[in-house]
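Inside the fold
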Amino acid sequence: MPRTILGYDVGGTKISAVIGDENGKIIKSLRKPTVRHLGGGRLKEDLINMGWKLLDEVGVKQPDNIGVVFAGLVDREKGMVLSSPNILGLRNFPISDALESEFGVPVDLENDATGATIAERMFGNGRGIDNFVYMTLSTGIGGGAFLNGQLYRGAHGMALEVGHMVVMSNGPVCGCGRRGCLEAIAGGRGIARRVSENITAVKESELFSKVKPSEIDAKKVFEFKRKGDMFSQLIVEETIYYLAVGIVNIINILDPEILIIGGGIANAGNDLFGPLRTAVREEFKSMYRPVKILRGLKNGPDLAPVSVPLFNRLVAEGNPGTK
Ligand SMILES: [Zn+2]
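Quantities reported herein were computed from a predicted structural model and do not represent experimental measurements.

1. Here we look at the sheet that holds strand 3 (residues 26-33)
The five strands lie next to each other as 3-2-1-4-8, forming an open sheet whose pairing is mixed. Looking along the sheet, the strands with just one partner apiece sit at the ends: strand 3 and strand 8 (107-111). Ignoring which end each strand starts from, the neighbouring axes of this sheet average 15 degrees apart. Bridge count between strand 2 (residues 14-21) and strand 3: seven bridges; the pairing is antiparallel. Looking at strand 3, one finds that isoleucine 15 is bridged to lysine 32.

As structure tokens, then:
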């Protein structure tokens, strides 16, 4: 029987629990909104309940491993969440110990963007590719990379924070405190803010004028663009331009073979990828090289926590690649 992995993805809006196997098959999954104001105690309770429920449903008494990917700063060696921008009061939280003592199996913890990068290496477009960059476009923008066949973490485990690359000097203030970060412009929250701030354009847009301010998001911008809304068209074009600037910066520094884009905004599909490939090509100017821009795994968020323990096992066995 293939190894069974219980995986968790703890994000800002929802927690996913999945049961997957070593072949990258997701057998069952379960989602629940993240409770933001009740700290680690409630988080632990939710994770444990979701885990047992899933194991019960698939008839597995004990998984072989547990993988956790977390949106926030983690210490993977200690199995600890150091801080979270989403769950209030969550600091130095020993998430791996909590799950290990409940389920009795080893727990591997990883940052969510790193986890998604690992999933691409194990099961996605990053298979057999020694140099690739992964970017996640969702509420925020994160990333990861494999360089020379190895996961590149950096000195503090914070490499490839591509969302905090400044692409517009004196641009909008980012959550990190700097101005004009890619995330502040082209992340989901940044896109929504750019729409909402242009009150005149919102009023004049036949489609946006009917949307409540709290319901404006990147998905609607792409949807309205498809329906011919001029304002949305402008927002999308601007988003794509700044993404291209950021992507060419990354390519100029790391020279990857491919760049993989995942996250909710990647669901815009060809409305994003088509014009983005063209914009990147233009933005290269004289530094052109044939870097493929590919879409991430559709079930990447589910596969990320499943991939982490599988990958760590390969590394421990001295085989960091998955060729
Ligand atoms: Zn920033």
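Right, picking up where we left off after that structure.
2. Comments concerning the domain arrangement of the protein
Many structure descriptions define interface size as the accessible area lost when the parts assemble. When the domains of the protein are assigned, the result is domain 1 (4-112 + 300-316) and domain 2 (125-295). One C-alpha centre belongs to domain 1, the other to domain 2, and the line joining them spans 27 Å.

3. Remarks on helix 9 (residues 270-283)
For helix 9, with 14 residues, the first-to-last C-alpha span of 19 Å sits near the 20 Å given by 1.5 Å per residue. Buried residues of helix 9: Leu272, Leu276, Ala279 and Val280, and no others. Downstream of helix 9 by a residue or two, lysine 285 has a phi angle that is positive, lying close to 50 degrees.

4. Topic: the environment of glutamate 102
By secondary structure assignment, the location of glutamate 102 is in helix 2 (residues 95-103). Accessibility expressed as a C-beta count within 10 Å gives 15 for glutamate 102, which makes it partly exposed. Sequence separation between glutamate 102 and arginine 3 is 99 residues; the distance between their C-alpha atoms is 19 Å.

5. With respect to the packing of helix 8 (residues 230-254) against helix 9
In the contact formed by helix 8 and helix 9, the axes pass within 8 Å of each other and the chain directions differ by 55 degrees. One finds that helix 8 runs oblique with respect to helix 9. Here helix 8 and helix 9 pass one another in a crossing that is right-handed. Of the residues in helix 9, those in contact with Ile240, Tyr241, Leu243, Ala244, Val245, Ile247 and Val248 of helix 8 are Pro275, Leu276, Ala279, Val280 and Glu283.

6. Let's talk about the sheet that holds strand 6 (residues 80-83)
Strand order in the open sheet formed by three strands is 5-6-7, and the pairing between neighbours is antiparallel. Taken across any chain shown, the strands that pair with only one partner, and hence form the sheet edges, are strand 5 (73-75) and strand 7 (91-93). Recorded for the sheet is a direction-independent mean angle of 20 degrees between the axes of neighbouring strands. Note: strand 6 against strand 7, two bridges, orientation antiparallel. Bridge pairing in strand 7 links valine 81 to phenylalanine 93.

7. Structural notes on helix 8
Relative to the 36 Å expected for 25 residues at 1.5 Å per residue, helix 8 spans 36 Å between its end C-alpha atoms, a close match to the ideal helical length. After helix 8 finishes, the residue aspartate 255 shows a positive phi value of roughly 50 degrees.

8. Focus on the pairing of strand 4 (residues 65-70)
Burial within strand 4 is extensive, with six of its six residues counted as buried. Taking every second residue as pointing to the same face, both faces of strand 4 are buried, with Asn65, Gly67 and Val69 on one and Ile66, Val68 and Phe70 on the other. Pairing between strand 1 (residues 4-10) and strand 4: six bridges, direction parallel. Looking at the pairing, isoleucine 5 lines up with asparagine 65 of strand 4.

9. Some details on unusual backbone geometry
Phi is positive for asparagine 92, which is not a glycine, with a value near 45 degrees. With respect to the element layout, asparagine 92 can be found in strand 7. The exposed category is assigned to asparagine 92, around which 11 C-beta atoms lie within 10 Å. In this structure, leucine 160 is a non-glycine residue whose phi angle is positive, near 60 degrees. Turning to its location among the elements, leucine 160 is positioned in the loop between strand 11 (150-151) and helix 4 (182-186).

Rules of the game
Residues numbered from 1 in each chain as written. Predicted model: local features only at pLDDT ≥ 70, side-chain atom pairs only at ≥ 80, totals over all residues. Pairing = 2+ DSSP bridges. Helix = DSSP H or I, 4+ residues; strand = E, 2+ residues; numbered from the N terminus. Axes fitted to C-alpha atoms, helices over the stretch in contact; angles between N-to-C directions. Domains from an automatic or database assignment. Expected span 1.5 Å × (residues − 1). Buried ≥ 20, exposed ≤ 12 C-beta atoms within 10 Å, placed from the backbone. Parallel < 35°, antiparallel > 145°, perpendicular 65-115°, else oblique. Left-handed = near helix turned anticlockwise from the far one by under 90°. Contact = placed C-beta atoms within 7 Å.

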